[in-house]
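Residue-level listing of the chains:
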Amino acid sequence: MDINFTAKDQAFRSEVRGFLHTQLPLELIDKVRGGLRLGKQDYLYWQRILYRQGWGAPMWPREFGGTGWSPVQQQIFDEECSGADAPLQLPFGLRMVAPVIMAFGNKSQQDYFLPRIVNGTDWWCQGYSEPGSGSDLASLKMRAERISTSDGEHYLVNGQKTWTTLGQHANWIFCLVRTSSSGRQQEGISFLLIDMQTPGVTVRPIIMLDGEHEINEVWFEDVKVPVQNLVGQENKGWTYAKFLLGHERTGIAGVGRSKRELKRLKVIARKETSNGRPLLEDQRFRDRIAQVELELMALEITNLRVLSAEGKQHAPGPEASILKIKGSEIQQTLSELMMQALGHYALPWLPEALDAGWRGEPVGADYAAPLSGHYFNFRKTTIYGGSNEIQKNIIAQMILGL
Amino acid sequence: MDFNYTEEQLALQDTLRRYLAKDYGFEQRRALAKSAEGYSRTHWRQFADLGILALPFPEEFGGITVDGGNAVDNMLVMEMFGRSLVLEPYLTTVILCGGLIRDAGSQKQKKQILPAIGGGELLMALAHYEAQGRYQPSHVASTAQPDGGGFIINGAKAVVLGGGAAGKLIVSARTSGGTNDSNGISLFIVAHDAPGVTLRSYATQDGARAAEVKLTDVRVAKDALIGTQDAALPLIQRALDYAVAALCAEAVGAMTALNEATLEYIKTRKQFGQPIGRFQTLQHRMVDMLMATEQARSMTILAAVRVDANDPNDPNDANDANVTIARRRAISAAKAYVGQSARSVGQSAVQLHGGMGVVDELNVSHYFKRLTMINATFGDADYHLGCFSDSLLAA
Ligand SMILES: Cc1cc2nc3c(=O)[nH]c(=O)nc-3n(C[C@H](O)[C@H](O)[C@H](O)COP(=O)(O)OP(=O)(O)OC[C@H]3O[C@@H](n4cnc5c(N)ncnc54)[C@H](O)[C@@H]3O)c2cc1C
């Protein structure tokens, strides 16, 4: 057993660090570090820089335009990027639809879509959940009927998706649709790629509890989708969807990001004062930081264990559910402690202070404004990507055989 | 032993319940939270007409009962307010500042201020906590220098609840001693528009309002002083204890309403062909929420009864250190416990609602945010657990 990084891994780490040092724009660092709003252009800006370096798809195999990095290298990359305050590479294209297209799509889909994901041409969003189908995804109702028209074979799509993250920026959505209502629910689902500029697609904002617009409803009214946009076989979409969910869950562990947030928490706890002394000297608060650090140390190794065991082309197994549960809980605790550190300054709500251009005088410390909102917002992490209750059901069934 | 409300209290509760049900619906409240002032003068007037703005005051100063209402009355009102997430600055004006003047003000101050509060004409705010002190009530760096017959006040006050709407502030400042000393703090009544007072008002996470207050060479006359010079800390602590007891009651009201909403939701929301309330893990979580709320309610009753225990007007009580210690222990116990319950009930309610728990459109997230902010106000669960825990050493 050797849990140390190899010399090669270390060299890789310095290479990534050197790259970030010279290529990660300061304006992006400032936004990420300050917990400020990131716009569509910010994400694309960073994606294109990575693309030019050949690192646009750190988790893809070389043959599809990825880096071909080992899972451990990917982990190092993620950690370095988070540590340097780089924006997140959004998962919807890179981690979600791309693996499905690679594994089940045809050659022309691979040739068309994959390069456009890496170079930042397309912005994908995920159309799984519906108002009546959240945890019970297989009950989804959005219909796709096959029709023949003068301009070829199409699906006519009608229904609604919801909770669609950053759908307001997207030009493509991958959807689970119902193509058959006979047999088991799971057997009538297909995986369809839909151009959001098609007539009949409407995106409506849902405002979250922190006042931000991050999620949407997407409505489909007689939307004509060419049959070429079906991935794999009709009525086999459930298999592909489950494959994808495994990929979604490992991303959610967020070890690199949590390591960065832990550092930030410690900085805040040194700056905040309690009765004139640094809050970090308060044993009760310090123990809370220590406790979450223990959880994170364990998760880091668990994550590496899962990654090392995982073969390159295989979807992660039910162990991914452990990463999702622990990862989301840690993220929530970190955001909660940062808010708690503020004391009374958790109260002010200054949405204008979350814009990078804002030059007003902060209320309380300059890092205070986003922290309570983040705490509220991060309650989502135990709900999305399959709620933590559902993850526990998976572990109970798949690992424990209960 | 009797845990029941009196008939008068039940009547008041009923009136309030009906008023809030009719005029304080979720959508009405949402609009209010977004309005410029963040509260409604119409509601405030109605509260005055219902007599609740004078509830804690003796008849002599506009109250409805001879001696004024007690903390159990406050509890009743605040619980109703918690259920409806009432935004009006009742806690700061009536309980905190009104209570302070009632207990420590001069006859003249009481005459001037209490009827004005009770009649709905005057809003007040307590400008006490400071940025560096966190929740420590003895941490006062602001100063008041004697000057002629009066004082000159300098300093800055943090997150003054209801500060922007207040006509008068009660400001704590040091007349002697070092920043963290218990002795040497004095309280002053300061007009919001006195030269040298700057207020920066802002919305809070729960839709209410607070302000940063700066005091630069603010001159006040001698009669602005409340109580004895240098000896304000016990007055401040007692007023804060009243406020904490009231906040606990508000939290219990909010938790009760949130539990009702969540129970209803898990009974009606279906997944996998059945109400999600059939899943045992959710049942147990809902049971935990119920237990946390009932235990918090018990602690809140304890706090309300204990906070009234030492009456500064009663010479036997006022100087009885043991009574004060028992009161402070009960208050810290209650705030710690209620804070923990508010946290877990709020988080669970959101989780049980799934995506619906994190949207602005539903009341769930609003209860969650208010509960979170109650925990952060006047000492969070860890702070009060610490106070309670430290008191074990003294015993
Ligand atoms: C911020 C955010 C972003 C999202 N982004 C996307 C996106 O981009 N695309 C997309 O398709 N979806 C997205 N989702 C949707 C997300 O996947 C669903 O919210 C999630 O699957 C839960 O579904 P639900 O909200 O309908 O809750 P429900 O399924 O109604 O669940 C409510 C509660 O019941 C529990 N529960 C349900 N079934 C069981 C069971 N069998 N056993 C025990 N407990 C159970 C749940 O754990 C939860 O606590 C997002 C959600 C959020 C909050």
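These figures come from a predicted structure and were not determined experimentally.

Novice: Explain unusual backbone geometry to me, please; I cannot follow it from the model alone.
Specialist: What is expected of a backbone is that most residues other than glycine have negative phi and most peptide bonds are trans. All names here are of chain B. Even without a glycine there, the phi angle at Val 159 is positive, about 45°. Examined against the element boundaries, Val 159 turns out to sit in strand S3 (residues 150-161). On the accessibility criterion, Val 159 (5% relative accessible area) is buried. You will see that Phe 378, though not glycine, has its phi angle at about 55°, which is positive.

Novice: It is not clear to me how the domain arrangement of chain A should be interpreted in this structure. Could you clarify?
Specialist: It is common to report an interface's size as the accessible area lost on association of the parts. In terms of domains, chain A is made up of domain 1 (7-89), domain 2 (124-236) and domain 3 (253-398). Look at where the C-alpha atoms of domain 1 of chain A and domain 2 of chain A centre, and you get two points 30 Å apart.

Novice: Explain the interface of chain B and chain A to me, please; I cannot follow it from the model alone.
Specialist: Listed by partner, the interface residues are 51 residues for chain B and 47 residues for chain A. Both faces combined, the contact of chain B with chain A buries some 4100 Å², and carbon together with sulfur accounts for 54% of it. On the chain B side of the interface with chain A, the three residues burying the most area are Arg134(B), Gln205(B) and Val358(B), jointly 17% of the side's total. In this structure, the connection of chain B to chain A is made through 3 salt bridges. Arg285(B) serves as the salt-bridge partner of Glu389(A), at 3.3 Å between the closest nitrogen and oxygen. At the junction of chain B with chain A, the criterion picks out 28 residue pairs in polar contact (both at pLDDT 80 or more). Among the elements of the structure, S3, strand S6 (197-203), strand S7 (209-220), strand S9 (270-271), helix H8 (280-307), helix H10 (321-352), helix H11 (363-376) and helix H12 (381-394) of chain B are those that each provide at least two residues to the side of chain B that touches chain A.

Novice: Explain helix H10 (residues 319-341) of chain A here, please?
Specialist: Two residues of an α-helix separated by three or four positions point the same way, owing to the 3.6 residues in each turn. Residues and elements named next belong to chain A. Spanning 23 residues, H10 covers 33 Å between terminal C-alpha atoms, matching the ideal 33 Å at 1.5 Å per step. Most of H10 is tucked away, with 18 of its 23 residues classed as buried. Once H10 ends, the next one or two residues include Gly 343, with phi positive near 60°.

Novice: Quick question: what am I supposed to make of the confidence of the model for chain B here?
Specialist: Low-pLDDT portions of the prediction should not be read for the details of their coordinates. Model confidence for chain B is summarised by a mean pLDDT of 95, while 97% of its residues fall at 70 or above. Taken together, the chains of this predicted complex give a pTM of 0.97 and an interface ipTM of 0.97.

Novice: Just to check I follow, could you spell out the environment of Leu247(B) for this structure?
Specialist: Residues and elements named next belong to chain B. Mapped onto the elements, Leu 247 comes out in helix H7 (residues 233-268). You can call Leu 247 buried: its relative accessible area is 0%. When the C-alpha atoms of Leu 247 and Gly 69 are compared, they prove to be 17 Å apart, with 178 residues separating the residues in sequence. Those residues in contact with Leu 247 that lie beyond four places of it in its chain are Leu 91, Lys 335, Arg 370, Ile 374, Thr 377 and Phe 378.

Novice: When you look at the pairing of strand S1 (residues 124-127) of chain B in this model, what are you seeing that I'm missing?
Specialist: It is a general feature of regular strands that their side chains alternate between the two faces of the sheet. All names here are of chain B. Because side chains alternate across S1, one face comprises the buried residues Met 124 and Leu 126, and the other comprises Ala 125 and Ala 127, equally buried. In terms of strand pairing, S1 meets strand S4 (residues 168-174) through 4 bridges, oriented parallel. Note on S4: the bridge partner recorded for Met 124 is Lys 168.

Novice: Help me understand the domain arrangement of chain B in this model?
Specialist: Residue and element names in this part refer to chain B. When the domains of chain B are assigned, the result is domain 1 (7-122), domain 2 (126-226) and domain 3 (233-394). Centre-to-centre separation of domain 1 and domain 3, based on C-alpha positions: 21 Å. The interface is formed by 22 residues belonging to domain 1 together with 32 residues belonging to domain 3. For the pair domain 1 and domain 3, the summed buried surface comes to about 2200 Å²; carbon and sulfur atoms form 67% of the total.

Novice: Sorry if this is basic, but what is going on with the side chain of Lys161(A) here?
Specialist: Residue and element names in this part refer to chain A. Tracing the backbone through its elements, the reader meets Lys 161 in strand S3 (residues 152-165). There is a polar contact of 3.4 Å between the side chain of Lys 161 and the backbone oxygen of Gly 127. A distance of 2.9 Å separates a polar atom in the side chain of Lys 161 from a polar atom in the side chain of Glu 130. The residues touching Lys 161, leaving out its near neighbours within four places in the chain, are Gly 127, Tyr 128, Ser 129, Glu 130, Leu 140, Met 142, Cys 175, Leu 176, Glu 217, Val 218 and Phe 220.

Novice: Honestly, the site of the ligand in this entry has me stumped. Any pointers?
Specialist: Surveying the vicinity of the ligand reveals 30 residues, the closest of which are Ser135(A), Thr165(A), Ser387(A), Arg269(B) and Gln351(B). Each of chains A and B places residues next to the ligand. Take Gln126(A): an N or O atom from its main chain is 2.8 Å from a nitrogen atom of the ligand. Residue Tyr128(A) places a main-chain N or O atom 2.9 Å away from an oxygen atom belonging to the ligand. With the chains in place, 95% of the 960 Å² that the ligand exposes on its own is no longer accessible. Looking at the shell around the ligand, the elements that each hand over two or more residues are S3 and helix H12 (388-399) of chain A together with H8 and H10 of chain B.

Novice: So what exactly am I meant to see when it comes to the environment of Ile189(A) here?
Specialist: Among the secondary structure elements, Ile189(A) is positioned in strand S5 (residues 189-195). Not counting the four nearest positions on each side in its chain, Ile189(A) is found in contact with Ala138(A), Leu140(A), Leu176(A), Val177(A), Arg178(A), Thr179(A), Asn235(A), Lys236(A), Gly237(A) and Trp238(A).

Basis of the calculations
Residues numbered from 1 in each chain as written. Chains lettered and ligands numbered in written order. Predicted model: local features only at pLDDT ≥ 70, side-chain atom pairs only at ≥ 80, totals over all residues. Heavy atoms only, no water. Helix = DSSP H or I, 4+ residues; strand = E, 2+ residues; numbered from the N terminus. Buried < 20%, exposed > 50% of the residue type's maximum accessible area, 1.4 Å probe, protein only. Domains from an automatic or database assignment. Contact = heavy atoms within 4.5 Å. Buried area = accessible area lost by both parts, 1.4 Å probe. Salt bridge = Lys/Arg side-chain N within 4 Å of Asp/Glu carboxyl O. Polar contact = N/O pair within 3.5 Å; in protein donor to acceptor, adjacent residues only side chain to side chain. Expected span 1.5 Å × (residues − 1). pLDDT = per-residue confidence, 0-100. Pairing = 2+ DSSP bridges. Near = heavy atom within 4 Å. Areas by Shrake-Rupley, 256 points an atom, 1.4 Å probe, with all protein chains shown as cover.

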